[in-house]
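Below, each chain spelled out in residue letters.
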Amino acid sequence: GIQVEQSPPDLILQEGANSTLRCNFSDSVNNLQWFHQNPWGQLINLFYIPSGTKQNGRLSATTVATERYSLLYISSSQTTDSGVYFCAVDWTDSWGKLQFGAGTQVVVTP
Amino acid sequence: GAGVSQSPSNKVTEKGKDVELRCDPISGHTALYWYRQRLGQGLEFLIYFQGNSAPDKSGLPSDRFSAERTGESVSTLTIQRTQQEDSAVYLCASSLGRDYNYGYTFGSGTRLTVV
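Residues numbered from 1 in each chain as written. Chains lettered and ligands numbered in written order. Predicted model: local features only at pLDDT ≥ 70, side-chain atom pairs only at ≥ 80, totals over all residues. Heavy atoms only, no water.

**Student:** Hey, could you go over the packing of aromatic side chains for me, with residue numbers and the actual values?
**Tutor:** For the structure shown, the criterion picks out nine aromatic pairs over all chains. Relative to phenylalanine 106 of chain B, the ring of phenylalanine 35 of chain A lies with its centre 5.4 Å away and its plane at 85°, an arrangement referred to as edge-to-face. Separated into two different chains, phenylalanine 35 of chain A in strand β4 (residues 29-37) and phenylalanine 106 of chain B in strand β10 (residues 105-106) make up a pair that spans both. Phenylalanine 106 of chain B matches phenylalanine 35 of chain A in its accessibility class, with the two residues each being buried. Summarising the aromatic geometry, the rings of tyrosine 35 of chain B and phenylalanine 45 of chain B are spaced 5.7 Å apart at their centres and angled 70° between planes, so their arrangement reads as edge-to-face. Taken together, the residues tyrosine 35 of chain B in strand β4 (residues 31-37) and phenylalanine 45 of chain B in strand β5 (residues 43-50) connect sequence positions ten residues apart. (Phe/Tyr/Trp six-rings, centres within 6.5 Å; stacked < 30°, edge-to-face > 60°. Helix = DSSP H or I, 4+ residues; strand = E, 2+ residues; numbered from the N terminus. Buried < 20%, exposed > 50% of the residue type's maximum accessible area, 1.4 Å probe, protein only.)

**Student:** Explain the environment of aspartate 27 of chain A to me, using residue names and the numbers behind them.
**Tutor:** All names here are of chain A. Position of aspartate 27 among the secondary structure elements: in the loop between β3 (19-25) and β4. It is 35 Å that separates the C-alpha atoms of aspartate 27 and glycine 16, two residues lying eleven residues apart in sequence. Discounting residues that sit within four places of it in the chain, aspartate 27 has contacts with Ile2, Arg68 and Trp91. (Contact = heavy atoms within 4.5 Å.)

**Student:** Could you give me a rundown of the interface of chain A and chain B, with the residues and numbers involved?
**Tutor:** Many authors give the size of an interface as the accessible area that is lost as the parts come together. On the side of chain B, 22 residues touch chain A, which itself brings 15 residues to the contact. Overall, the association of chain A and chain B removes approximately 1600 Å² of surface from exposure, summing both partners, and the carbon and sulfur fraction of that is 57%. Looking only at chain A, the three residues that lose the most surface to chain B are Tyr48, Trp95 and Lys97 of chain A, adding up to 40% of its buried area. Across the chain A-chain B interface, the total number found is one salt bridge. As a salt-bridge pair, aspartate 56 of chain B and lysine 97 of chain A come within 4.0 Å of each other at their nearest N and O atoms. If you look at where chain A meets chain B, you find six residue pairs in polar contact (both at pLDDT 80 or more). Counting residues per element, the ones that place at least two in the side of chain A that touches chain B are β4, β5 (43-48) and β9 (83-91) of chain A. In terms of residue count, the dominant contributor to the side of chain A that touches chain B is β4 of chain A (four residues). In terms of residue class, the side of chain A that touches chain B is built from seven nonpolar, six polar and two charged. (Buried area = accessible area lost by both parts, 1.4 Å probe. Salt bridge = Lys/Arg side-chain N within 4 Å of Asp/Glu carboxyl O. Polar contact = N/O pair within 3.5 Å; in protein donor to acceptor, adjacent residues only side chain to side chain. Nonpolar A, V, L, I, M, F, W, Y, C, P; charged D, E, K, R; others polar.)

**Student:** Got a sec to walk through the sheet that holds strand β7 (residues 59-64) of chain A? Specific residues and values, please.
**Tutor:** Residue and element names in this part refer to chain A. In space, the five strands of this open sheet follow the order β1-β3-β8-β7-β6, with antiparallel pairing throughout. Looking at the sheet topology across the chains shown, the edges are occupied by β1 (4-7) and β6 (52-56). Looking at each pair of strands side by side, their axes are set apart by 15° on average, direction ignored. Examined bridge by bridge, β3 and strand β8 (residues 69-74) share six bridges and lie antiparallel to one another. The residue bridging threonine 20 from the neighbouring strand is tyrosine 73, located in β8. (Pairing = 2+ DSSP bridges. Axes fitted to C-alpha atoms, helices over the stretch in contact; angles between N-to-C directions.)

**Student:** Now, about the pattern of salt bridges: what can you tell me, with residues and values included?
**Tutor:** Residues and elements named next belong to chain B. Scanning the entire structure with this criterion turns up five salt bridges over all chains. The partner of arginine 64 in a salt bridge is aspartate 86, with the nearest N and O atoms 2.8 Å apart. You can see arginine 64 sitting in the loop between β6 (53-56) and β7 (65-69) and its partner aspartate 86 sitting in the loop between β8 (75-79) and β9 (88-95), a full 22 residues away along the chain. Summarising the burial analysis for this pair, arginine 64 and aspartate 86 share the class buried.

**Student:** Could you give me a rundown of the nonpolar core, with the residues and numbers involved?
**Tutor:** Ranked by size, the top nonpolar core spans 23 residues in total, and within it Leu21, Trp34, Leu72 and Val89 of chain A carry the most contacts. Of all the secondary-structure elements, those providing two or more residues to this core are β2 (10-14), β3, β4, β5, β7, β8, β9 and β11 (104-109) of chain A. Counting residues per element, this core draws most heavily on β9 of chain A, which supplies four residues. Core analysis: the next-biggest nonpolar cluster, separate from the first, contains 20 residues, Cys23, Trp34, Phe49 and Phe65 of chain B among them. (Core = buried A, V, L, I, M, F, W, Y, C linked by side-chain atoms within 4.5 Å.)

**Student:** Before we move on, can you summarise the pairing of β8 of chain B with the specific residues and values?
**Tutor:** All names here are of chain B. Most of β8 sits out of view: five of its five residues are buried. Neither face of β8 is open: one carries Ser75, Leu77 and Ile79, the other Thr76 and Thr78, and all of them are buried. Relative to β8, strand β3 (residues 19-24) is paired through five bridges, and the arrangement is antiparallel. Residue valine 19 lies in a different strand from β8, and its bridge partner there is isoleucine 79. Note: β7 against β8, five bridges, orientation antiparallel. If you follow alanine 67 over to β8, its bridge partner there is leucine 77. A loop of five residues connects β7 with β8, the two strands running antiparallel in sequence, and glycine 71 in this loop sits at a positive phi of about 55°.

Dropping the structure here:
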């Protein structure tokens, strides 16, 4: 199966700081999604981004499919950004079977 | 419905008992997915449905686990003869389906504790 590696595993930010989270994957993908799991366990889809760049408010994401990585940018972080950020992919012949990375635990301090 | 609804939200059961977990997807979403998340870990794929067909059951951990879906609506995940290692949050998600480039919407999960 495909390998999905996220870095860093943990990140502590002061409110207002910017950060970049990375997701590397080992094979060509059909589907790449970024999720935020808040401290209460709810998973929220942030981006569907198998290639290209998207922005949504203070968050943006870029996937370079040919180089097999994706980046999630958080700008002007807020305490509500705390939680775990997951990258998930599916690949050729595996539609529907998203493989999740281990996640990046983000803590934003006031 | 407006979102993916899962019930019950919490379930405590005795080892050896059977449990049923329910998922109501977003109306119109043809694809439905089940994942498991053990404490402090990532998500583990269990099974997905396209309509009421389950093309890939490879993620089900053992033959004690089964799932079914009625049409493009409700799905039930059944765990027979529960074991302590089945304790986890069981998450359901839905999406528009293979021909649509949209992400998944997850429910709030069912927290299962086997004692």
